[in-house]
2 protein chains.
Amino acid sequence: MKVTKLSGFPEYLPAERIVEQHFLDVIRETFELHGFTSLETRAVEPVERLLGKGGDADKEIYGVTRLAEESVENPSRDVALGLHFDLTVPFARFVLENAGKLTFPYRRYQIQKVWRGERPQEGRYREFTQADIDVVDVGELSAHFEAEMPLVIAEVFAKLPIGRMTIQVNNRKIPEGFYRGIGIGTDDDTEIQNTLRIVDKLDKIGPAKVRTLLVEAGRTGEQADQCLALAAIRTEDLSFVDQVRALGVDHPTLDEGLAALSAVIRSGLDNAPGAMVADLKIARGLDYYTGTVYETQLEGYESWGSFCSGGRYDALASDGKTTYPGVGISIGVSRLLGLLLGKGLVTASRATPAAVLVAVVEEDSRRESAAVAQALRARGIPCEVAPTAAKFGKQIRYADRRGIPFVWFPQEGSVPGSMGQVKDIRSGDQVDADPATWEPPAQDLRPSVVAADPSP
Amino acid sequence: MKVTKLSGFPEYLPAERIVEQHFLDVIRETFELHGFTSLETRAVEPVERLLGKGGDADKEIYGVTRLAEESVENPSRDVALGLHFDLTVPFARFVLENAGKLTFPYRRYQIQKVWRGERPQEGRYREFTQADIDVVDVGELSAHFEAEMPLVIAEVFAKLPIGRMTIQVNNRKIPEGFYRGIGIGTDDDTEIQNTLRIVDKLDKIGPAKVRTLLVEAGRTGEQADQCLALAAIRTEDLSFVDQVRALGVDHPTLDEGLAALSAVIRSGLDNAPGAMVADLKIARGLDYYTGTVYETQLEGYESWGSFCSGGRYDALASDGKTTYPGVGISIGVSRLLGLLLGKGLVTASRATPAAVLVAVVEEDSRRESAAVAQALRARGIPCEVAPTAAKFGKQIRYADRRGIPFVWFPQEGSVPGSMGQVKDIRSGDQVDADPATWEPPAQDLRPSVVAADPSP
C-alpha cells in the first residue's frame, strides 16, 4: 500500500520531537508554577455546539462518524460529532457540565491538538497543538486576571530559546469609546463593529486604503483620520494615555478602557519589562472579546502574524441562569515550531533521551552491560545498551549517529555492574568509572534545546 | 444549548487529571530512561490503511470528513480519512515513510489518544490513551529485545501506586510446535490457528467446554487433552520447560519456543523478580505475533483482562523490498485509570499544582502578594495569588477547598517580596518566612499520587 503524506498534518522526526517536547514541558511547567490545573477534554463535540460559535465555522469542522454506521442494519442513533477546532468551545462546555464539581475562579490550562479543515499553507495546519490558559469565574471576574495572563505568557517566552516576543495589548473599550466619542455608532451600533473590521486590515492594506474603506462605509473624512490616528498609537509605557487624550475625544467608555489598559501595562512594566506594548490597532475578535485583548509577534517574523492571542470575554459560557466570564490566552505551539524548525532557528543536542550507550563486549556478556545500564538508570541517567556486540568502532558510530555523548565499556570478566570505562565521544576522553557513582555533566543528562543560526 | 455527556469519552476533574498526569509522567520518564525516543503521529490515517490490518476493523473506525465538503460546489478530492484505532498502524506507516531519516534499530515510545467506535462498557472506551514502546529493525531483529520489553514495563508498574501486576509471557512457537508434534496441522495449517482460537477461550468458558469445542473441530480426545495440559502450565521460574517435556512431545519449533521463552523468563528472574510468569495459555493475537507474546493482569482484578499487551511481529511493516520486524508492548492507560479512579484505589493529595496560596491583605497591596509569588516561583515553588482580598478566613478556605497546603501572609507595609508569615493549614502552624529562601517540605512541593483504600 502506498505511504501517504498528508498535507497540513505535520509529524516530527526524533530530534524535532525533542524540540517540541521541550517547548511543551516549559509551557506546562510555567503554567503549573502559576497554579493552573490541567484539563484535557475529549476530541469531539456535538457539531451543533461547534457551529454555535461563529458564522462560517462549518467550513473548518471535521465531522466524525462511525464507518460501520453506514450499513442499513445499524442506523446511527448517536448525536452528530465533530473534532474540536479550538480549546475554548470544549472548555466552556466542560465548565457548564461540571460547574457543581469545580471551584471558582477556575484556573485551567489545556494543551491539546485541534483540527481545522482549512487549506494548509505556511504556518496553517489541519492538525495542530494549542496551549491555553484561562481563568473563569461565576457572575463576575476581577480585572486583575487580565493583567496576569500576559505575565504568565511572557515568562514562558523568556524561558524558550527564541527571539524577542512582544505581547501587544489593547482594550476593546478604547476604540469603542473613542468611536462613540466622535459620533460613530450613535444611531446604529453595527457601525462600531464595521469600523473595527476595517481598521483591523491596517497591517495588510495600509492606512490609505483603510481610510478609503472607512469613507466608503459612511464615515466622514475627519472620523476616518481620527480612527487612523488612534490606531497608530503604540507605546511601551503609559504614554499612550496622553497620546489618546491629545486627540481630544471624550467618552466614559474610553476612560474605562484607558484605565484598564493602563493597569495591564503598568503590571507589565513592574513584572516583565519589555514584554508588553500598548498597541491600539489590535482589534482581534472584538465581536467576541469585551475587555483586554492580546496578540503576540516574534521580532523579525511579524509577517507570520500572532503566535499567542486571547482576551477577556464576559460570557465564556452561560446556562441561562448563570454566566461565566473569563479571560484567556492561547499559544499556537505548532505555528511557532513550524517557523522555528522550518527555518532551522532551534535545534536539539541529540535525537534520543539516552546520555549513555553501554557497549556490549560479546553477546554472552550482554547481562553485564544491562547491569551497568540498570545502575545508571537507577540514578536517573537515561541510557541504552548497544543492540549488537559489534566491533567497538561500530558501537561508537551507533552512539554518534544519535548524538549520544557517552559510551560505557564494561570491564571484561568483572562483576556485573561494577567498574568500567566511559568515553566522551566528542572529546575522545576515556576514564575509569563506577556505574554506582559516575555522573555525566549536568548539561549532558538530558538533550538540550537551543537557538541555532538560521539555515542558509 | 443542552450540555451533552458522551458515553465512552471519559474526562477527568482536576484531581483525577493530576492522577492521570502522574501516571503519564512516570511512564514517559521510564521509557526515556531506557532510551526510547518520543513519536507523536497525526490522529488520522487513510481509511484504506486502517482497514488493512484486520478483518472486521471497519466496525471500529471513526471516519473523518470536512463538513464543508458535503456541499456540491466543493466535492472532496482528498483521500478518505479515519481516526487511528491503535498506535501500531500509524507507527508502521511512519517507519515506511521516514525509513531513510531514521536510525535502526529504532526505539520509539508513543503516548496518544486512540479512537474506536465500539459500544462503551466497563473498561472499554471510544476515546482512550495508550502508551506504547516498540523496537523495530531492518531485515532482522535480535531476540534480546523480546526480553527487554517486559523489563521496561515492570519498572513502570513498580513505580506506580498500584497493586501487583503480573506480566504473563508465552511464545507462539511453543503451542505451534507442540500442536505439530501431536499431529495437529500436519495436513492443514489452519488447524493450528483454529486450535489456538479455541484454547484462547479457556479463561472464559473453562477446560470442559474447550475440550468439547476442540473435539467438535476435529481434534482427537487425546489431542484435546494434550492441548489442555499444555495450556495449564504456568510457572514463575524455568520449570515450565520440564513440565512441557514431561508431556512427551517433540518438535523443533517447540524447542525453539522453549529456548526463547526461557531467555525472557531468565532475564525477568535476574532483573525484575516476581514481575513475570511463563503462562502457556496466553494466545493473544497469535495470528499476528510470531514470537514472544505478553499480557498483564492486576492481582485481584483478573476479570478486567489485560492492562498491557504486545508481542513480536516479524513484519511490522514492509514496502515490498525491505521488511521491518519489531517487538512492542502497549499500556492501556485509560483502562487502568478507569479501574483505579472508578474504584477509588488511587488519589491525589490536592486538585492543583499550587503548593502555596499567597493571601492578599487589601486589593491595593496585590502587587506585594504578586512579588512574594514571583519570588517563590523563581525557585520552582508553584503558587497562586488569592483571587480577592477577602477576610483571611475566606482566603484560607479557598486554599483548603483545593488542597493547597500553605497560605502565605505578606507583612503589611513591607518591601514587596520580603519577609512574611506562612501557615500550614493542615496543622495550623504559622512561622516567619522569607520568600527568597523558604521551602515547603519536599513531599508538598508537587501533588502526590498514592494508593487509597477502595471506596465502599
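Quick summary incoming for the structure in this document.

The rules behind each value
Per chain, residue numbering runs from 1 following the sequence as it is written. Chain A is the first chain written and ligand 1 is the first ligand written, with later ones labelled in order. Owing to the predicted nature of the model, reporting of local features is limited to residues with pLDDT of at least 70; listing and counting of side-chain atom pairs is limited to 80 or more, with chain, interface and lining totals taken over all residues. As a rule here, side-chain values come from all non-hydrogen atoms in the structure, and water together with hydrogens is ignored. Two residues qualify as a contact provided that any one of their heavy atoms is within 4.5 Å of a heavy atom in the partner residue. Reported buried area values correspond to the accessible surface (1.4 Å probe) lost by two parts on association, with both partners' losses combined. Take a side-chain nitrogen of Lys or Arg and a carboxyl oxygen of Asp or Glu: if they are within 4 Å of each other, that pair is a salt bridge. Polar contact criterion, stated in full: a pair of N or O atoms within 3.5 Å, where within protein one must be able to donate a hydrogen and the other to accept it, and residues adjacent in sequence count only if both atoms are side-chain atoms. Runs of E in the DSSP output that reach at least two residues are strands. Runs of H or I that reach at least four are helices, and both are numbered from the N terminus. Patches were defined on residues exceeding 30% relative accessible area and lacking a salt bridge, with like-charge contacts within 9 Å and nonpolar side-chain contacts (Val, Leu, Ile, Met, Phe, Trp, Tyr) within 5 Å. Only the protein chains shown count as covering a residue, and every accessible area follows the Shrake-Rupley method with a 1.4 Å probe. All tallies of charge rest on Lys and Arg as positive and Asp and Glu as negative; His and the ends of each chain are not included. By convention, the point assigned to a charge is CZ for Arg, NZ for Lys, CD for Glu and CG for Asp. Given a helix with a known number of residues, its expected span is that number minus one, times 1.5 Å. The term bend refers to the angle at a residue between two fitted axes, each drawn through seven residues, those ending there and those starting there. Each aromatic pair joins two rings of Phe, Tyr and Trp (for Trp, the six-membered one) with centres within 6.5 Å, and gets the label stacked for planes under 30 degrees apart, edge-to-face for over 60, and tilted for any other angle. Relative accessible area decides the class of each residue, using a 1.4 Å probe on protein chains only: under 20% of the type maximum gives buried, over 50% gives exposed, and in between gives partly exposed. Remark: a charge is flagged as sitting over a ring if the NZ atom of Lys or the CZ atom of Arg is within 6 Å of the ring centre and within 35 degrees of the ring normal. Each copy is superposed on the other by least squares, with the fit set by C-alpha atoms of residues at a pLDDT of at least 70 in both.

1. A few points about the interface of chain B and chain A
Listed as interface residues are 91 residues of chain B and, on the opposing side, 91 residues of chain A. Buried area between chain B and chain A, summed over both chains or domains, comes out near 7900 Å², and the portion from carbon and sulfur atoms is 54%. The interface formed by chain B and chain A holds 14 salt bridges in total. Of the charged contacts in the structure, one is a salt bridge between B:Arg367 and A:Asp270, with a shortest N-O distance of 3.0 Å. At the boundary of chain B and chain A, one finds 40 residue pairs in polar contact (both at pLDDT 80 or more). A per-element tally of the side of chain B that touches chain A places helix α1 (residues 14-33) of chain B first, with 7 residues.

2. What to know about a positive patch on the surface
Among the surface-exposed residues, B:Arg124, B:Arg197, B:Lys201 and B:Lys204 lie close enough to one another that they form a single positively charged patch. Take B:Lys204: it is sitting in helix α7 (residues 202-216).

3. Topic: helix α7 (residues 202-216) of chain A
All names here are of chain A. Over its 15 residues, α7 extends only 16 Å from the first C-alpha to the last, a length that falls short of the 21 Å expected when each residue adds 1.5 Å. Along α7, the sharpest kink reaches roughly 75°, centred on Ala 208. Lining the buried residues of α7 we find α6 (190-199) and α8 (221-231). Directly after α7, the chain includes Gly 218, whose backbone phi takes a positive value near 105°.

4. As for the packing of aromatic side chains
To describe a pair of aromatic rings, you give the distance between the ring centres and the angle between the ring planes. Taken as a whole and assessed by the stated rule, the structure comprises 19 aromatic pairs over all chains. When the ring of A:Trp115 is compared with that of B:Trp115, the centres are 6.4 Å apart and the planes differ by 80°; the resulting orientation is edge-to-face. Placement of A:Trp115 in strand β5 (residues 106-115) and of B:Trp115 in strand β5 (residues 106-115) is noted, with the two residues assigned to different chains. For the pair shown, A:Trp115 and B:Trp115 are each scored as buried. Seen in terms of ring centroids, A:Phe392 and A:Phe409 are 4.7 Å apart; in terms of plane orientation they differ by 50°. Their pairing is tilted. In this pair, A:Phe392 sits in helix α13 (residues 392-402) while A:Phe409 sits in strand β16 (residues 406-410), placing the two residues 17 residues apart along the sequence. A:Phe409 gets classed as buried once you look at its relative accessible area, which sits at 9%. Taken together, the aromatic side chains of A:Phe31, A:Phe36 and A:Tyr109 make up a single cluster linked through ring pairs. Cation over ring: A:Arg335 sits above A:Phe307, and NZ or CZ is 5.5 Å from the ring centre.

5. A look at the relation of the copies chain B and chain A
Take chain B, turn it by 180°, move it 0.0 Å along the axis, and it overlays chain A with an RMSD of 0.0 Å. The transformation just described matches what one would write down for a two-fold rotation axis. In terms of C-alpha distance to the rotation axis, chain B has B:Val64 as its closest residue, with the C-alpha 2.4 Å off the axis. A symmetric contact is evident, with 100% of the interface residues of chain B recurring at the interface of chain A.

6. Here's the deal with unusual backbone geometry
Going from A:Phe104 to A:Pro105, the amide bond is cis rather than trans, its omega being -5°. Inspection of the secondary structure puts A:Pro105 in the loop between α3 (88-98) and β5.

7. Re the pattern of salt bridges
As enumerated under the stated definition, the model contains 64 salt bridges over all chains in all. In this structure, A:Arg28 engages B:Asp25 in a salt bridge whose closest nitrogen and oxygen atoms are separated by 2.8 Å. Placement of A:Arg28 in helix α1 (residues 14-33) and of B:Asp25 in helix α1 is noted, with the two residues assigned to different chains. On the basis of relative accessible area, B:Asp25 is assigned to the partly exposed category, the value being 31%. A salt bridge links B:Asp225 to B:Arg211, with the nearest nitrogen and oxygen atoms 2.7 Å apart. Remark: B:Arg211 occurs in helix α7 and B:Asp225 occurs in helix α8 (residues 221-231); sequence separation between them is 14 residues. Members of the salt-bridge network, linked through shared partners, are A:Lys5, A:Glu11, B:Arg42, B:Glu45, B:Arg93 and B:Glu97.

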